[in-house]
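Residue-level listing of the chains:
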Amino acid sequence: MSQSNITQFLCWNYVVCPVYHEINSDWADKYSRGVFFLLFCCLPGDVTPRESSPFINNTDQDQENYYDGKNMALFEEEIESNPMVSSLLNKLVNYTNLTQGVTEHEEYENEEGSPQMGTFIGVYLPCMQNILGVILFLRLTWIVGTAGILESFAIVVMCCTCVTGGSYYMISRSLGPEFGGAVGLCFYLGTTFAGSMYILGTIEILLTYIVPNAAVFVAEKKEGEAEAMLNNMRVYGTCCLALMALVVFVGVKYVNKLALVFLACVVLSIMAIYAGVIKTVIEPPDFPICLLGNRSLQNHNFEKCVKTEVIKNVTYTTKLWELFCDSHHLNATCDEYFTLNNVTEIQGIPGLLSGVIKDNMWGDYGPSGMLVEKKRQSSVPAQDNSRDIYMPYVFNDISTFFTLLVGIYFPSVTGIMAGSNRSGDLRDAQRSIPFGTILAIATTSFIYMTCVVLFGACIEGVVLRDKFGDSVKKNLVIGTLAWPSPWVIVIGSFFSCCGAGLQSLTGAPRLLQAIARDGIVPFLQVFGHGKANGEPTWALLMTAGICEIGILIASLDAVAPILSISLSVWKPISHFYSSSPTLSFLGMSLCVSLMFISSWYYALVAMSIAGCIYKYIEYRGAEKEWGDGIRGLSLNAARYALIRLEEVQPHTKNWRPQLLVLLKLDSDLGVKHPRLLSFTTQLKAGKGLTIVSSVLEGTYMTLGAEAKSAEQNVKSAMHAERTKGFCHVVVSSNLRDGFSHLIQSAGLGGMKHNAVLMAWPGAWKQAEDSYPWKNFIETVRETTSAHQALLVAKNIDKFPSSEDRLGEGTIDVWWIVHDGGLLMLLPFLLRQHKVWRKCKMRIFTVAQMDDNSIQMKKDLQMFLYHLRLNAVVEVVEMHDSDIAAFTYEKTLVMEQRSQMLKQMQLSRNEREREAQLITKLGTKSHGNLNDNATATPDHRVHMTWTKDKLITEKNRNRSEPNVGVKDLFNMKPNQSNVRRMHTAVKLNEVVVNKSQGAQLVLLNMPGPPKTKGGDENYMEFLEVLMDGLDRVLLVRGGGREVITIYS
């Protein structure tokens, strides 16, 4: 186009009308942007145009506003409610799926940049610290010695296999408020008692191995030592709890600062154990133990393992003699067993190559007070054992059996939530949490399993069964194996238990606060309050009070089973809702078994508490609706579930297309398009709600039998196409009202459809009357008014049957406007079916001049990443361009045809002749325009239209034929229709270019006009939009979100 902006074109009466415009700055700006205009001349007829136009007597400003955004004019009426995809992606660019946690004021103010913790630092190491704790250092050697290597290995494997992850937030949002509240409180109690266990472990290490002289209560008699120790644990445990609670109250940041120290202690302790095992091969450590007969002795009160010793030919008694005899004289009265048996000294750590593994292979259970004896060691039994309790033997302090050991060991594998609790500090939580947690579970399981074998292979059995190390001079048993010193393990285990206790006192109050703030347990709401920065003050006090109960129990072995039940009571539920039914059932069975193996009475109490909480929340109404799995499963329930579903709207995470399929029947009352049922089967896969319906025109009194026959035919077709759902054929005075009634009233209670599926009326142009396309448009309007989605399949008979298997191909999604995300969901559901399984998903979206296409592509890829959809993303740029002559002509033909059918009640043949005439004239006009443009590209005619010239041109054509359609020729295309047709043509060109070979094309379906005057034009727009495509599914959302990236 030249800068003089001369444009020539043909009117319908073949008159060339040159139009001249001076070049001004506005036109120059548009020309520089590559926006061109095709100018229509005035037509013969009235001098004054029927409507305002940009061509005659119009300002440049009006022209500029008129052409703004014409690429998306087809969707302009819905932009406010259904934004463009570029606008949606711009809002999602800063999305994070991390749950917000409590942040200290000081940390919040000093926070800079985004989280940078990776999988190793943020998830792997914290999980390692929490899993490798008090049980490993204080009880694992005792468990190996008591249960034997084989049974201990079975305990470790069983508990590690049962481990599963999940916090209150994930449980409640997955299983609903009832289950969430019940198992959340059990999880809270377990975390609180875990704090008690860690504190008791800390005090046990302190009073037994570090400063045993710090005991407040000292037993005067040997039989009172156990009770004195429990009282010391209560006193020091309460003080330690108060100190830790104060630290947590002052600020979590201090706990976080100490976390690295605690973590380093755990790592160094583990390294010291493995180093000690290696050293036993070269030089076993020197930890002799003293045996009297086959009985192990407490050797912290004597140095030499002999009854008497000879010094300068004189025999003297030893300290050991004095422990068993009434005096130090050789003629003193001694214990019978002491007299009958000799004293033997053996090495407590014989080493990895000693072969002691054979003796430690099997268990040695016994009652409380049973003596710890060496297997295969000869001894002479005594007849009177009544005074054995007063002798310095090593005893079992509790009765031992397999289920008890399971309950004691199980808490050691429940620390896997440490990574999830740090999700706010992770660079990529979605990847780091599962990968880091599974890696930590695998690593710690390996450590526990190898430790079981190595302990049994390196340490003497009587030492393993010595819980408190009395036979090795009050050393920590696992410390005797460590290198370079037992103090490495003692100090490391002490700080490890301290750190784990602080972590429990930090996490448990926040868990209680989360439950309280959700409001599902009303009497707990007071614990939802805290300090100004969100710290759960009241929840911390409650946690400390419950933790004190565990402290008062004072026995680590008694608290551990309580902890096991509390932390495992929710696991059967989470396993039950897993993705694999077989693995879920096995996991659930294993969890239930472990609960009752650990302690059947504790299991019953815990399950009773959980059940009471569940019923309480259910009774109170469970007002929270989080889109949980229970709500989804309720769709398949009976009257009770229907009533429950009717009370609340389904959550976005539960949204699935519950289809109302509108079928058309032939003259024999058979299904005209059975492939519509095939597509329904492929989309639904037998899940959710499907209502297949049709309408017979007439009265039910006369067509009742036909309706039943038609319903049977539809059911037969559904059975043949394997469509699972309900069938409903209604009789109405007209099809329009029948479809309206179905859309309004199909379904029952909560089992109602939210989407309508129908076939495109392909022969609407050839129909004898306008009812088919008018019914179609009214159906579109009614689904929109009812906030229901609409799916319209074009060329439905070309869609694959359920027996077909599509090979390599693509499902192309053209995402123009965002009306709820149904376009994203449909390909995902289709690809679950074997027909479409091999098809790849491609998503196209349109960028206009003001959009950053590169950024749009990145945002869309991130959006799909959060949705976990695997699709190829492509952004198509559609810049503003001049409206082609073909678009004007096509719009004019459309309007002339519409006007002609309205104003002239012609016979069918006459209508066809008129339509053919107009089409012929339009084609010829278009051809002449191209010829003239080619013949005289540089010809410039400077002419300005005036009123006199217009009247002269009009009078010149009055004598010409075709006066009957003169007014039609005088028509000018409606500006709005031109813009819509431009959108349809340009978008169709892009779609055909990219997706002509696709197996299925999904398009946003633009809404019908608000007034019924342009209904036939709307059908033409859709026809142009889908031209040249074989399988098309027009999708119109229901106005609500159906997909979510939020957990």
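Model, not experiment: these values are computed from the prediction. (Residues numbered from 1 in each chain as written. Predicted model: local features only at pLDDT ≥ 70, side-chain atom pairs only at ≥ 80, totals over all residues. Heavy atoms only, no water.)

Looking at the packing of aromatic side chains
Logical step 1: A full pass over the atoms with the stated rule returns 15 aromatic pairs.
Logical step 2: Taking the centre distance of 5.5 Å and the plane angle of 80 degrees together, the rings of F494 and F495 count as edge-to-face.
Logical step 3: When its relative accessible area of 18% is taken as the criterion, F494 is described as buried.
Logical step 4: Feature note: the residues W321, F324, Y337, F338, Y393 and F395 constitute an aromatic cluster, connected by ring pairs.
Logical step 5: It is R295 that lies over the ring of Y337; its NZ or CZ is 3.6 Å from the centre.
Logical step 6: It is R295 that lies over the ring of Y393; its NZ or CZ is 5.0 Å from the centre. (Phe/Tyr/Trp six-rings, centres within 6.5 Å; stacked < 30°, edge-to-face > 60°. Buried < 20%, exposed > 50% of the residue type's maximum accessible area, 1.4 Å probe, protein only. Lys NZ or Arg CZ within 6 Å of the ring centre and 35° of its normal.)

Points about the nonpolar core
Logical step 1: The biggest cluster of nonpolar side chains holds 121 residues, and the ones touching the most others in it are L140, M197, Y409, F455 and I459.
Logical step 2: It is helix α8 (residues 168-210) that provides the largest number of residues to this core, a total of 15 residues.
Logical step 3: In this structure, L791, L822, L867 and V873 belong to the second largest nonpolar core, which totals 59 residues. (Core = buried A, V, L, I, M, F, W, Y, C linked by side-chain atoms within 4.5 Å. Helix = DSSP H or I, 4+ residues; strand = E, 2+ residues; numbered from the N terminus.)

Let's talk about the confidence of the model for the chain
Where the model shows low pLDDT, its predicted coordinates should not be examined in detail.
Logical step 1: Taken as a whole, the chain shows an average pLDDT of 77; of its residues, 73% reach a score of 70 or greater.
Logical step 2: pLDDT under 50 marks residues 94-114. Its contacts with residues more than four places away, or in other chains, come to 31 contacts. (pLDDT = per-residue confidence, 0-100. Contact = heavy atoms within 4.5 Å.)

What to know about the sheet that holds strand β12 (residues 839-847)
Logical step 1: Taken in spatial order, the 10 strands line up as β8-β7-β6-β9-β10-β15-β14-β11-β12-β13 in an open sheet, and their pairing is mixed. With partners counted over all chains shown, the strands left at the sheet margins are β8 (726-732) and β13 (872-877), one partner each. Averaged over neighbouring strand pairs, the angle between their axes works out to 20 degrees when direction is ignored.
Logical step 2: Both strand β11 (residues 809-815) and β12 contribute to a ladder of seven bridges, which runs parallel. In the sheet register, V813 faces β12, and the bridge partner there is I843.
Logical step 3: Here helix α27 (residues 735-745) sits on the sheet in contact with β6 (659-662), β7 (690-697), β8 and β9 (755-759), set at roughly 155 degrees to β7. (Pairing = 2+ DSSP bridges. Axes fitted to C-alpha atoms, helices over the stretch in contact; angles between N-to-C directions.)

Thoughts on the sheet that holds strand β5 (residues 343-347)
Logical step 1: Strand order in the open sheet formed by three strands is β2-β1-β5, and the pairing between neighbours is antiparallel. Across the chains shown, the open sheet's two edge strands, defined by having one partner strand only, are β2 (295-296) and β5.
Logical step 2: In terms of strand pairing, strand β1 (residues 288-292) meets β2 through two bridges, oriented antiparallel. The partner of L292 across the bridge, within β2, is R295.

What about the state of the cysteines?
Logical step 1: Counted under the stated rule, the structure contains two disulfides.
Logical step 2: Here C290 engages in a disulfide with C305; their sulfurs sit 1.9 Å apart. Looking down the S-S bond of the C290 and C305 bridge, the torsion is 75 degrees, so its handedness is right-handed. One end of the pair, C290, is in strand β1; the other, C305, is in the loop between β2 and β3 (308-311), with 15 residues separating them in the sequence. The burial state of C290 is the same as that of C305; both residues are buried.
Logical step 3: The side chain of C325 participates in a disulfide bridge whose partner is C334; the two sulfur atoms lie 1.7 Å from each other. Looking along the S-S bond of the C325-C334 disulfide, the torsion reads about 100 degrees, which is the right-handed sense. (Disulfide = S-S within 2.5 Å.)

With respect to the layout of surface pockets
Logical step 1: Size it by volume and the second largest pocket reaches roughly 1600 Å³.
Logical step 2: Contributing to the lining of the second largest pocket are 47 residues, with K222, E225, A226, M229 and K474 lying nearest its centre.
Logical step 3: For the lining of the second largest pocket, the elements supplying multiple residues, two or more each, are α8, α9 (225-250) and α19 (556-568).
Logical step 4: It is α9 that contributes the most residues to the lining of the second largest pocket, seven residues altogether.
Logical step 5: Its residues placed into classes, the lining of the second largest pocket shows 24 nonpolar, 10 polar and 13 charged. (1 Å grid on protein atoms, 1.4 Å probe; cavity = no way out; pocket = protein on both sides within 12 Å on 5 of 7 lines; lining within 4 Å. Points joined across faces, edges and corners; volume = space filled by probe spheres on them. Nonpolar A, V, L, I, M, F, W, Y, C, P; charged D, E, K, R; others polar.)

Overview of unusual backbone geometry
Logical step 1: For the peptide bond that leads from W483 to P484, omega is 15 degrees, which places it in the cis range.
Logical step 2: With respect to the element layout, P484 can be found in the loop between α16 (477-481) and α17 (486-518).
Logical step 3: For R868, which is not glycine, the phi torsion reads 60 degrees and is therefore positive.
Logical step 4: Relative to the assigned elements, R868 resides in the loop between α30 (853-867) and β13.

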